[in-house]
Amino acid sequence: MNETLLSIAYKAIDDKRGEDIVALNMQGISLLADYFIIAEGSSERQVQAIAREIKEKAEEAGFTVRKLEGFDTARWILVDMGDVVAHIFHKDERAYYNLERLWGDAPHLDTPQTNNE
């Protein structure tokens, strides 16, 4: 089930041309979520479009989006879907926060595949 949600989020990011998509397996590392997916957009508008697409596609598939934080400023939008949390950064902010380094112990996942391809 979590892998399905991860795939939905990945495809939503890819559909809106999100860049440098990284999926991390957080199981046993963080109590916050089983998976993090991190990506970036080149403008505030694109970052918002990516977050909106994740929310819409997750809800269409029957998943609940618990929280959407940072949407108005669109520098770092967090989409909390429970076991999967998406972090969508403006490209200028991503290097500053460097979540991949912060969660360096988390294994990187291969590109999730979706059934819709």
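All of these numbers come straight from a predicted model, not from anything done at the bench.

Colleague: Mind showing me how you'd approach the nonpolar core here?
Modeller: As a rule of thumb, nonpolar side chains are buried together in soluble globular proteins. Within the largest apolar cluster, 26 residues are counted, with the highest numbers of intra-cluster contacts made by I13, I37, I54, V79, M81, A86 and I88. Counting residues per element, the ones that place at least two in this core are α1 (2-15), β1 (19-25), β2 (35-41), α2 (44-60), β4 (76-80) and β5 (84-90). Discounting residues that sit within four places of it in the chain, I37 has contacts with L6, A9, Y10, I13, I21, V22, A23, V85, A86 and H87. Core analysis: the second largest hydrophobic core is formed by ten residues, I38, V85, L99 and A106 among them.

Colleague: What am I meant to see in the environment of V22 here?
Modeller: On the secondary structure map, V22 appears in strand β1. Expressed as a C-alpha distance, the spacing of V22 and D92, which sit 70 residues apart in the sequence, is 17 Å. Sequence-distant contacts of V22, defined by excluding residues within four places in its chain, comprise F36, I37, I38, R94, E100 and H108.

Colleague: What is the right way to read α1 from this model?
Modeller: For an α-helix, 3.6 residues make a turn, and residues three or four places apart therefore share a direction. Between the first and last C-alpha of α1 there are 20 Å, a value that for 14 residues agrees with the 20 Å anticipated at 1.5 Å per step. Here α1 has its buried residues at N2, L5, L6, S7, I8, A9, Y10, A12 and I13. Buried residues in α1 make contact with β1, β2, α2 and β5. Two residues or fewer after α1 comes R17, characterised by a positive phi angle close to 60°.

Colleague: Before we go on, may I ask you to explain the side chain of D80 in this structure?
Modeller: On the secondary structure map, D80 appears in strand β4. Here D80 occupies a buried position and makes no salt bridge, while the nearest side chain of opposite charge, R66, is found at 4.7 Å. Looking at D80, its side chain comes within polar contact range of the main-chain nitrogen of G82, at 2.8 Å.

Colleague: Whenever I open this one, unusual backbone geometry confuses me. Can you help?
Modeller: A positive phi angle, near 60°, is found at R17, a position not held by glycine. Position of R17 relative to the elements: it lies in the loop between α1 and β1.

Colleague: Explain the pattern of salt bridges to me, please; I cannot follow it from the model alone.
Modeller: Two side chains bearing opposite charge may form a pair once their charged atoms approach each other closely. The tally for this structure, following the rule as stated, stands at ten salt bridges. Residues K67 and E69 are paired through a salt bridge, measuring 3.6 Å at the closest nitrogen-oxygen approach. Judged by relative accessible area, K67 falls into the partly exposed class, the value being 43%. On the basis of relative accessibility, which here comes to 39%, the residue E69 falls in the partly exposed class. Across the pair E93 and R75 runs a salt bridge, and its minimum N-O distance is 3.0 Å. Taken together, the positions of E93 in helix α3 (residues 91-97) and R75 in the loop between β3 (67-69) and β4 put the pair 18 residues apart, joining distant regions of the chain. A relative accessible area of 19% means that E93 is categorised as buried.

How each quantity is defined
Residues numbered from 1 in each chain as written. Predicted model: local features only at pLDDT ≥ 70, side-chain atom pairs only at ≥ 80, totals over all residues. Heavy atoms only, no water. Core = buried A, V, L, I, M, F, W, Y, C linked by side-chain atoms within 4.5 Å. Buried < 20%, exposed > 50% of the residue type's maximum accessible area, 1.4 Å probe, protein only. Helix = DSSP H or I, 4+ residues; strand = E, 2+ residues; numbered from the N terminus. Contact = heavy atoms within 4.5 Å. Expected span 1.5 Å × (residues − 1). Lys, Arg positive; Asp, Glu negative; His and termini not counted. Salt bridge = Lys/Arg side-chain N within 4 Å of Asp/Glu carboxyl O. Polar contact = N/O pair within 3.5 Å; in protein donor to acceptor, adjacent residues only side chain to side chain.

These figures come from the coordinates and say nothing about function on their own.
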